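# Close look at the chain arrangement
What follows is each chain in one-letter form.
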Amino acid sequence: MRYIIYGTTCFMICIFFLQLLLCVDARNARADELKQGVRLAVRTTLEAVLEERLDSSEEMEVFFRERLEELITSDSRLQVRFLEAECKKGVLSVIVEESFRYPFGKKGSLTEKQTAVIDYEIQEE
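A brief structural summary. (Residues numbered from 1 in each chain as written. Predicted model: local features only at pLDDT ≥ 70, side-chain atom pairs only at ≥ 80, totals over all residues. Heavy atoms only, no water.)

Moving on: the packing of aromatic side chains. Counting across every chain of the model gives two aromatic pairs. For the pair Phe-16 and Phe-17, a centre-to-centre distance of 5.7 Å together with 65° between the ring planes defines the contact as edge-to-face. According to the relative accessible area criterion, Phe-17 is partly exposed, its value standing at 47%. On the basis of an interplanar angle of 75° and a centroid distance of 5.7 Å, the ring pair of Phe-64 and Phe-82 is categorised as edge-to-face. With Phe-64 in helix α2 (residues 57-71) and Phe-82 in strand β1 (residues 77-86), the pair connects residues that are 18 residues apart, well separated along the chain. (Phe/Tyr/Trp six-rings, centres within 6.5 Å; stacked < 30°, edge-to-face > 60°. Buried < 20%, exposed > 50% of the residue type's maximum accessible area, 1.4 Å probe, protein only. Helix = DSSP H or I, 4+ residues; strand = E, 2+ residues; numbered from the N terminus.)

All told, the structure shown has six salt bridges when counted by the stated rule. Residue Arg-30 is joined to Glu-98 by a salt bridge in which the shortest nitrogen-to-oxygen separation is 3.7 Å. Linking Arg-30 in helix α1 (residues 2-50) with Glu-98 in strand β2 (residues 91-101), this pair joins segments that are 68 residues apart in sequence. For Arg-30, a relative accessible area of 11% gives the class buried. (Salt bridge = Lys/Arg side-chain N within 4 Å of Asp/Glu carboxyl O.)

Our focus in this paragraph is unusual backbone geometry. Here Glu-52, not a glycine, exhibits a phi torsion of approximately 60°, which is positive. Its place among the elements puts Glu-52 in the loop between α1 and α2. The exposed category is assigned to Glu-52, whose relative accessible area is 66%.

This brings us to the nonpolar core. Formed by 25 residues in total, the largest nonpolar core has its most connected members in Val-42, Phe-64, Leu-68, Leu-92, Val-94 and Val-96. Looking at which element gives the most residues to this core, the answer is α1, with seven residues. Excluding its chain neighbours within four sequence positions, the residues that come into contact with Leu-68 are Gly-37, Val-38, Ala-41, Leu-78, Val-80 and Val-96. (Core = buried A, V, L, I, M, F, W, Y, C linked by side-chain atoms within 4.5 Å. Contact = heavy atoms within 4.5 Å.)

Listed below in structure tokens is the structure:
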């Protein structure tokens, strides 16, 4: 009887550590996806501005949101806040907050801030 209780206790401890590892891994995977997604969305948006495909700040914001939704494939809710989006100056600064649930039901959130500026070459006349 003693060995059954000992075996059951060890099994429960192993299950607990497995759950802990799954939660940590899920958070790391989402953090990496968010960081890379925001960085690439900012980059492609500013490339579109540089190619003169976008003319206004509103177009920049819509273009950024579309790119971000394409890049973030996980089942989460994204909230995007634009700190600065100026097409003429070539500036884009965003904060993206991702809300999600861990595999065992607990709520979690991650935040990523990214700022980028187009470096226009100064042309001498």
